Amino acid sequence: MFLKILLFLSPLLFSSPLLSKLEKPFPRDNFRRIKEISPQQTILKIFKTVFKDPQRAQPGSRAIAALQYGITQGDNLLRQQIAMMMKQENILADPEKNIINLHGFSEMRTILGQLFINPGDIVLYQSNSDLSERELRPFHFLGAKTIGFDFNKYLDRLEGQLKEGKVKIIYLLSDTLEGNPITLENKKLLYAIAKNYNVVIVEDASSRPKVKEKSIPLKSLDEYNRVVYLGELSYLLGEGLRLGYLLAPAEILKQIEIAKQGLTLHPNALTQVIFSEFLEHNLQLNPGLFDPAHFSGAVETFSEAEIKTLLSSKGKNMWPSEIRRILKFTQKKNIISFAGGIPAPELFPFDALVEILQNLTPQEWEEALKSAPLRGLPRLQNAIGTWLSRRGILTKFENILVTDGSQQGLDLLGRMIGEYGAKAKIITNLPTYLGALTAFMPYLSNGKEQIIHQELEKELASEEGLKKLEDFIQERKIRYGEEIFLYLTPTFGNPDGKIMPLEQRQKILSLAQRWKIKIIEDDPYGEVAWYAGYPGRRIPSLRSLDKEGETVIYLTSNSKVFSPGLRIGYVVGPEHIIARLTQIKEQTVGETDSLSQMLVAKFIENGGMDNHVQNVIIPEYKKRAETMYAVLNRHLRELDSQIEFTQPLGGLFIWVKLPEKIDTEILLQELAEKGIKLNGETVRVAFVPGHPFNLDPTKLRNYLRLNFSMNAPEVIEKGIVALAEAIKEKLR
């Protein structure tokens, strides 16, 4: 009935000034001429421009933007350029509210499915089009039923499908290679029907760059901002450089950003800068010309309440990253930040990257610009295998999976653990890495109930504590039949910066082997070590102690010792675990950026990685850590006997315990916002409060985490003195 009324009223409903203005033929394809541009020469030129810049180590430089951690939503300049591109297609989108950069179409579909699809829900997709089972895999993986629908022939039957309430997403293509896009009139009707039934419309522009005669995209008719639009930039320079963009209503974009935080933290920063430079210099999309006033388009009609009714159980179970919130909060001028867990940007090996790229062979360029195998480029797997073997971890091809940073490894493990349903339990330390909690939470059917915090340091320090832990595991395994996983960061863990002694490592490994439970060993900081307390340079990892190789799943990355912007991490584990994680990766986010893999592989092969870690990273971080520890000793020890802090022997952090009457969240807000007077100057300082590092917000309120890698010694001293003065005021 609704459709019949709509057909009658359609001339009136779709005659608004906005729609009349937007219904213009799509402009001539301005990307056609890039086919003559050599990707190799273009990328090399960009590298030289960005990384040879004399101001490359200054805050805000494009060189740092290419190699450092980025914001979850993606590079600001690139989002502005995408907004300018979209305007050429009569699509208005606010870069701050409506655009996010993502890995590619697979990741975009995975995130949308995760947000909106419960098992048994329906995705109606455009039949007789370029869509295949491969494109729909992320929806199938989440238990969706996908039904092909001809929106040109059978639109009158759509209302019957929607009335059942199981259709969550209508998925269509803006253009098709088959030459049979949805007609403009049917796009209008489809839009009105979906709006009436509160269904998410997803418009996929994957075929658009390859089509000569482009149709008018539905997004350009999106008067009420209800269409989610997916585009990709990879075709400009090669499939190996994976990067897409997603346009969405503001409330949906907020949820997408939360999902992205748990998935891979942020898009590949290097790839974003490459495409941004390309768009500016080859297509004259200069962000300096960007005027926000020209990109505010449709009225936002999705309310927060409406979004909540659309969210799936996984979508509702997502846990926003408190640290990402705090990092945004601290991105203000004139603030000394000890909040980030990030490497010092002035130490990045800028020249080494240019040299690597200059010396790539034609065959290596071909590998770097085409899609990589799911498990990673073979040469990177070989390089990381050699790298790890020197650290006592013996691997073969079947034991290694390359990921988009360690965060993706955690996400894949969370999905795998979730397959055990309510019987899965994760035991982790108190405190524990926040990124692991955000990665695991969406996939646990009972959420927080399935993550159990234990004070493992205390329990492993005595036979009585060890027996208590083993009794607990025994009961869970035998009485309840639970599948237990131990998540540990034993080497300079985040946030506490501590190192688990060898004896405790042997105990926890032995316990896990007895009860056939898996240990997830997260080790992003192990390379950054300067202690000399163990023969042979370092305490061995749990994975190297696991001689059979069947108990420990090991995660590491290059983020802390090379570049977090490249998003290259690794999972090393039992062959059957790696095989399952590879399957999950294939069904969700797909391949990892090939160019980044090639750069990391070459950096390891030519000895650059070892040299950089031993001769650049460790000496400088040691100096900064010792400065922070000395200043803390001078200014905090005397304030209160309850104040404790760890002595850094590696890693990036010092963990501080304050008297219980001090709430470090309040302390942060006051010190970062108002600051404190120090020698006539107002000094503002940021850090991370302790409470995000566990699931109970009432715990760890009197703890804080300090990062020492990001600031020079003189800045560290000034910031810690200011922190000590603020604490002193609280204790008066």
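Definitions and cut-offs
- Residues numbered from 1 in each chain as written.
- Predicted model: local features only at pLDDT ≥ 70, side-chain atom pairs only at ≥ 80, totals over all residues.
- Heavy atoms only, no water.
- Helix = DSSP H or I, 4+ residues; strand = E, 2+ residues; numbered from the N terminus.
- Rg over C-alpha atoms; globule rule 2.2 N^0.38 Å.
- Buried < 20%, exposed > 50% of the residue type's maximum accessible area, 1.4 Å probe, protein only.
- Contact = heavy atoms within 4.5 Å.
- Areas by Shrake-Rupley, 256 points an atom, 1.4 Å probe, with all protein chains shown as cover.
- Lys, Arg positive; Asp, Glu negative; His and termini not counted.
- Charge placed at Lys NZ, Arg CZ, Asp CG, Glu CD.
- Pairing = 2+ DSSP bridges.
- Right-handed = clockwise from strand over helix to strand, strands pointing away.
- Axes fitted to C-alpha atoms, helices over the stretch in contact; angles between N-to-C directions.
- Core = buried A, V, L, I, M, F, W, Y, C linked by side-chain atoms within 4.5 Å.
- Parallel < 35°, antiparallel > 145°, perpendicular 65-115°, else oblique.
- Left-handed = near helix turned anticlockwise from the far one by under 90°.
- Nonpolar A, V, L, I, M, F, W, Y, C, P; charged D, E, K, R; others polar.
- Arc of directions from axis to C-beta.
- Expected span 1.5 Å × (residues − 1).
- Phe/Tyr/Trp six-rings, centres within 6.5 Å; stacked < 30°, edge-to-face > 60°.
- Salt bridge = Lys/Arg side-chain N within 4 Å of Asp/Glu carboxyl O.

Draft legend 1. Local environment of the overall build of the protein chain. Looking only at helices and strands, the protein chain features 28 helices and 22 strands. For 732 residues, the compact-globule estimate of 2.2 N^0.38 gives 27 Å, and the protein chain sits close to it at 26 Å. When each of the 732 residues of the protein chain is scored for burial, the buried share is 63%. Within the protein chain, residue pairs in contact and separated by at least 24 positions form 79% of the contacts whose partners lie at least 6 positions apart. Taken as a whole, the protein chain presents about 28300 Å² of accessible surface, with 50% of it coming from carbon and sulfur. The centroid of the 92 positive side-chain charges in the protein chain is displaced by 1 Å from the centroid of its 88 negative side-chain charges.

Draft legend 2. Structural context of the pairing of strand S11 (residues 451-454). Relative to S11, strand S10 (residues 424-429) runs parallel, the two being bridged by 4 bridges. Within the sheet, the bridge partner assigned to Asn 429 lies in S11 and is Gln 454. What joins S10 to S11 is helix H19 (residues 434-440), and the crossover it makes is right-handed.

Draft legend 3. Highlighting the sheet that holds strand S6 (residues 227-232). Across the sheet, 7 strands lie side by side as S1-S7-S6-S5-S4-S2-S3; this open sheet has mixed pairing. At either end of the open sheet lies a strand with only one pairing partner, and these are strand S1 (99-102) and strand S3 (145-149). For this sheet, the mean angle separating the axes of adjacent strands, direction not counted, is 20°. Contacting strand S2 (122-126), S3 and strand S4 (167-173), helix H7 (residues 133-141) runs over the sheet at an angle of about 140° to S3.

Draft legend 4. Seen up close, the sheet that holds strand S21 (residues 688-689). The 4 strands lie next to each other as S16-S17-S22-S21, forming an open sheet whose pairing is antiparallel. Edge positions in the sheet fall to strand S16 (644-645) and S21, since each has one partner strand and no second. Bridge count for S16 against strand S17 (residues 653-657) is 2 bridges, and the pairing is antiparallel. For Glu 644, the partnering residue across the bridge sits in S17 and is Lys 657. The sheet contacts of helix H26 (residues 608-636) involve S16, S17 and strand S22 (703-707), and relative to S17 the element is tilted by about 15°.

Draft legend 5. Examining the pairing of S1 more closely. What you see with S1 is no split at all: Ile 99 and Asn 101 on one side and Ile 100 and Leu 102 on the other are buried throughout. Inspection of the sheet shows S1 paired to strand S7 (residues 244-247) by 4 bridges, in the antiparallel sense. What sits directly across from Asn 101, in S7, is Tyr 245.

Draft legend 6. Main features of the nonpolar core. Core analysis: the biggest nonpolar cluster contains 182 residues, and Ile 43, Phe 47, Phe 51, Phe 440 and Leu 706 have the highest contact counts within it. Beyond its immediate chain neighbours, meaning those up to four positions away, Ile 43 contacts Leu 237, Leu 241, Ile 274, Leu 357, Trp 365, Leu 369 and Leu 595.

Draft legend 7. Structural view of the packing of helix H21 (residues 463-478) against helix H22 (residues 502-514). Between H21 and H22, the least distance of the axes is 11 Å, while the angle of their chain directions is 25°. It follows from the interaxial angle that H21 and H22 lie roughly parallel. Once H21 is placed against H22, the crossing between them reads as right-handed. Here Glu 463, Leu 466, Leu 469, Glu 470 and Ile 473 of H21 come into contact with H22, specifically with Lys 507, Ile 508, Leu 511 and Arg 514. Taken together, the residues that form the contact of H21 with H22 break down as 5 nonpolar, no polar and 4 charged.

Draft legend 8. The arrangement of H7 in detail. When we look at burial in H7, the residues that qualify are Glu 135, Leu 136, Pro 138 and Phe 139. With its buried residues spanning 130° around the axis, H7 presents them on a single face. Where the residues of H7 are buried, they touch helix H6 (105-116), S2, S3, S4 and helix H24 (575-587).

Draft legend 9. View of helix H9 (residues 184-196). Helix length check: H9 (13 residues) gives 19 Å between terminal C-alpha atoms against 18 Å at 1.5 Å per residue, within 8%. Asn 198, located one to two residues past H9, shows a positive phi value of around 55°.

Draft legend 10. Focus on the packing of aromatic side chains. Going through the model one piece at a time under the given rule, you end up with 15 aromatic pairs. Each ring, one from Trp 655 and one from Phe 693, has its centre 5.9 Å from the other, and the planes form 90°; the classification is edge-to-face. Taken together, the positions of Trp 655 in strand S17 and Phe 693 in the loop between S21 and S22 put the pair 38 residues apart, joining distant regions of the chain. There is no split in this pair, since Trp 655 and Phe 693 are both buried.

Draft legend 11. The packing of helix H3 (residues 39-51) against helix H11 (residues 269-282), seen in detail. It is the contact of H3 with H11, at a shortest axis distance of 10 Å, that shows an interaxial angle of 100°. One element, H3, and the other, H11, form an angle in the roughly perpendicular class. Contacts from Thr 42, Ile 43, Ile 46, Phe 47, Thr 49, Val 50 and Phe 51 in H3 reach Leu 270, Val 273, Ile 274, Glu 277, Phe 278 and Asn 282 in H11. Tallied by class, residues from the contact of H3 with H11 come to 9 nonpolar, 3 polar and 1 charged.

Draft legend 12. Molecular detail of unusual backbone geometry. Cis geometry marks the peptide bond from Leu 430 to Pro 431, where omega comes out at 5°. Within the secondary structure, Pro 431 sits in the loop between S10 and H19.

Draft legend 13. Seen up close, the environment of Thr 664. Checked against the element boundaries, Thr 664 lands in helix H27 (residues 664-673). Residue class for Thr 664 comes out buried when judged on its relative accessible area of 0%. The spatial distance from the C-alpha of Thr 664 to the C-alpha of Ala 293 is 39 Å, given a sequence separation of 371 residues. Apart from the residues lying within four places of it in its own chain, the contact partners of Thr 664 are Leu 658, Phe 687, Pro 689, Gly 690, Arg 701, Asn 702, Tyr 703 and Leu 704.

Draft legend 14. Structural detail: the environment of Met 500. You can see Met 500 is positioned in the loop between strand S12 (483-488) and H22. Taking C-alpha positions, Met 500 is 9.7 Å from Ser 541, a pair spaced 41 residues apart along the chain. Leave out the neighbours within four places in its chain, and Met 500 touches Leu 460, Pro 490, Arg 505, Ile 508 and Ile 539.

Draft legend 15. Up close: the pattern of salt bridges. Summed over the entire model, instances satisfying the criterion amount to 42 salt bridges. Residue Glu 89 pairs with Arg 208 through a salt bridge whose shortest N-O separation is 2.6 Å. Taken together, the positions of Glu 89 in the loop between helix H5 (76-88) and S1 and Arg 208 in the loop between strand S5 (200-204) and S6 put the pair 119 residues apart, joining distant regions of the chain. Classification of Glu 89 as buried rests on a relative accessible area of 11%. We classify Arg 208 as buried; its relative accessible area is 3%. Among the ionic contacts, a cluster of salt bridges with common partners joins Glu 346, Glu 620, Lys 623 and Arg 624.

Draft legend 16. Quick look at the side chain of Gln 114. Relative to the helices and strands, Gln 114 is located in helix H6. Each residue touching Gln 114, except ones within four places of it in the same chain, is listed here: Leu 142, Ala 259, Ser 312, Lys 314, Gly 315, Met 318, Arg 415, Pro 442 and Tyr 443.

Purely geometric numbers; function is a separate question.
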